[in-house]
Amino acid sequence: MYVADDQLNWLDLLLQVQFAYNNLVHHLTGFTPYVVVHSHHLPHPMLLSDPVVLLPTADDITEAQPELYTQVHTVLTTANIQYAHAHDAKHLDIPELGPGDFVWLSNKNLPL
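These numbers were taken from a predicted model, which means no experiment stands behind them. (Residues numbered from 1 in each chain as written. Predicted model: local features only at pLDDT ≥ 70, side-chain atom pairs only at ≥ 80, totals over all residues. Heavy atoms only, no water.)

Visitor: How do you make sense of helix H3 (residues 58-90) when you look at a structure like this?
Guide: Three- or four-residue spacings in an α-helix give side chains the same orientation, since the helix completes a turn every 3.6 residues. With 33 residues, H3 should reach 48 Å at 1.5 Å per residue; the first-to-last C-alpha distance of 47 Å fits that figure. By the largest-angle criterion, Gln65 marks the main kink of H3, which is about 35 degrees, and a proline, Pro66, follows within four residues. Here H3 has its buried residues at Ile61, Leu68, Val72 and Ala79. Elements in contact with the buried residues of H3: helix H2 (33-38). (Helix = DSSP H or I, 4+ residues; strand = E, 2+ residues; numbered from the N terminus. Expected span 1.5 Å × (residues − 1). Bend = angle between axes of the 7 residues up to and from the residue. Buried < 20%, exposed > 50% of the residue type's maximum accessible area, 1.4 Å probe, protein only. Contact = heavy atoms within 4.5 Å.)

Visitor: What is the right way to look at helix H1 (residues 10-22) in this model?
Guide: With 13 residues, H1 should reach 18 Å at 1.5 Å per residue; the first-to-last C-alpha distance of 18 Å fits that figure. Where H1 bends most, the angle comes to about 25 degrees, and this point is Gln16.

Visitor: I tried to follow the environment of Asn23 on my own but got confused; where do I start?
Guide: Counting through the fold element by element, Asn23 comes out in the loop between H1 and H2. Leave out the neighbours within four places in its chain, and Asn23 touches Thr32 and Leu42.

Visitor: Sorry, what's going on with the side chain of His40 here?
Guide: Looking at the secondary structure, you find His40 in the loop between H2 and H3. The class for His40 is buried, based on a relative accessible area of 15%. When sequence neighbours within four positions are dropped, the list of residues in contact with His40 reads Tyr34, Val35, Pro56 and Ile61.

Visitor: Please clarify how a nonpolar patch on the surface should be interpreted in this entry.
Guide: Residues Trp10, Leu11 and Leu14 make up a contiguous nonpolar surface patch of roughly 330 Å² in combined accessible area. If you trace the backbone, Trp10 turns up in helix H1. (Patch = residues over 30% accessible without salt bridge, like charges linked within 9 Å, V, L, I, M, F, W, Y side chains within 5 Å. Areas by Shrake-Rupley, 256 points an atom, 1.4 Å probe, with all protein chains shown as cover. Salt bridge = Lys/Arg side-chain N within 4 Å of Asp/Glu carboxyl O.)

Visitor: Teacher, can you tell me more about the side chain of Asn22 here?
Guide: Within the secondary structure layout, Asn22 lies in helix H1. Using a relative accessible area of 18% as the deciding quantity, one classes Asn22 as buried. With residues up to four places along the chain from it excluded, the contact list for Asn22 reads Thr32, Pro33, Tyr34 and Leu42.

Below, the structure is given as structure tokens:
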């Protein structure tokens, strides 16, 4: 699926791209964005015309949401902690400076 050279057909492809994105399993959470929001898998558009396709009931969704949200929250919190440690390992602490302390100042971006 590609946008034409003149890039005028992107609107025709937008629904397909949205469907593909919403069904893409995120590597961190292990869930698709649609599952995280709606607590069930997005049915394929071709299956929606089939009257036999069973969608979850409201009771099924409300029962699944707390556990799903807890799992996603735990995974994202753990990832944020890991990212913070990786960031902090690459950056130096800012030293305490007081009045009268000498510092090096680059004049690279100062109009002198």
